[in-house]
Amino acid sequence: MIKLYYSRPSAYARPVWLTLLEKQLPFELISVNLGGEQFEPEFLSLNPFSHVPVLFDDDFRVIESLAILDYLEAKYPSPSLLPTDAQALARVRMVQTVTFNELLPAIFGLLVGKENSNEKSLEFEYAQLRAINTLNFLEGLLGNLCYFAGEQLTMAEIVAGTLIHRMPDLGITLTNYPNLNDWSERLLARPTWREIELSPEEWSNFKRRMRVIPKIWQHRRHQRINALSQR
């Protein structure tokens, strides 16, 4: 039996959740309260790095989103979420990588810097430029294709599709990216995307939490120091 330790708003856990749904696998969701539960000894025994997601497939444990996605694709190859064509596969991997390495940090920067947006802080401007640069790249990479790999929905959609539709709420309209806008609307119409959709209240709470994240990170750093010192 597959078990997924997750948090509903987590940008790292949601792609794994989506993959399980798209592959129509039976699984159990186990919610982790990221207000501190991730630092408790019970969870640290599952992931010593104190974050979600964590996936168990019977007694086999996998941590880290991309590793979990690769595991699920290899273990449960049907329906396939990775192309076999070399160029299509490269496009999928590029999307996954730039989403996690560029777009997601930019989104965090936009959320954290929102309170100081009137002063146009350097970090907020950098986050805006970083997000726009990534969207420009993805818009060109997608072109007129239905999905990044062509006609096949893949891990590119699984990873990027959970984030891009949120950009207008962060001040970056998708009207400048018509390919991505149409692509995102197609994804949001899928039953799997609707199943994991955050309510307005959940999204509002998540944004509010992110805007005080520097203070939270400082507190969590102390929590993790304590957790590591006791191991």
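Because the structure is a prediction, the values reported are computed rather than measured.

## Description of the sheet that holds strand β2 (residues 27-31)
Thought 1: With mixed pairing, the four strands of this open sheet are ordered in space as β2-β1-β3-β4. Edge positions in the sheet fall to β2 and β4 (60-63), since each of these pairs with one other strand and no more. Each strand axis lies, on average, 20° off the axis of its neighbour in the sheet, ignoring direction.
Thought 2: Relative to β2, strand β1 (residues 2-6) runs parallel, the two being bridged by five bridges. Residue pairing for β2: Tyr 5 is matched across the bridge by Ile 30.
Thought 3: Along the sheet, helix α1 (residues 14-22) makes contact with β1, β2 and β3 (54-57), crossing β1 at roughly 150°.
Thought 4: Running at roughly 135° to β4, helix α3 (residues 65-75) makes contact with β1, β3 and β4 of the sheet.

## Observations concerning the environment of Gly 140
Thought 1: Following the sequence through the fold, Gly 140 ends up in helix α5 (residues 122-142).
Thought 2: A relative accessible area of 56% means that Gly 140 is categorised as exposed.
Thought 3: Gly 140 sits 37 residues away from Tyr 177 along the chain, and the two C-alpha atoms are 9.1 Å apart.

## Some points on the packing of aromatic side chains
Thought 1: Scanning the entire structure with this criterion turns up seven aromatic pairs.
Thought 2: When the centroid spacing of 6.2 Å and the interplanar angle of 65° are considered together, the rings of Tyr 5 and Phe 56 count as edge-to-face. Pair noted here: Tyr 5 is in strand β1 and Phe 56 is in strand β3, with a separation of 51 residues, a long-range link. As far as the burial class goes, Tyr 5 and Phe 56 line up, both buried.
Thought 3: An aromatic cluster of three or more residues is present, and its members are Tyr 5, Phe 43 and Phe 56.

Criteria and cut-off values
- Residues numbered from 1 in each chain as written.
- Predicted model: local features only at pLDDT ≥ 70, side-chain atom pairs only at ≥ 80, totals over all residues.
- Heavy atoms only, no water.
- Pairing = 2+ DSSP bridges.
- Helix = DSSP H or I, 4+ residues; strand = E, 2+ residues; numbered from the N terminus.
- Axes fitted to C-alpha atoms, helices over the stretch in contact; angles between N-to-C directions.
- Contact = heavy atoms within 4.5 Å.
- Buried < 20%, exposed > 50% of the residue type's maximum accessible area, 1.4 Å probe, protein only.
- Phe/Tyr/Trp six-rings, centres within 6.5 Å; stacked < 30°, edge-to-face > 60°.

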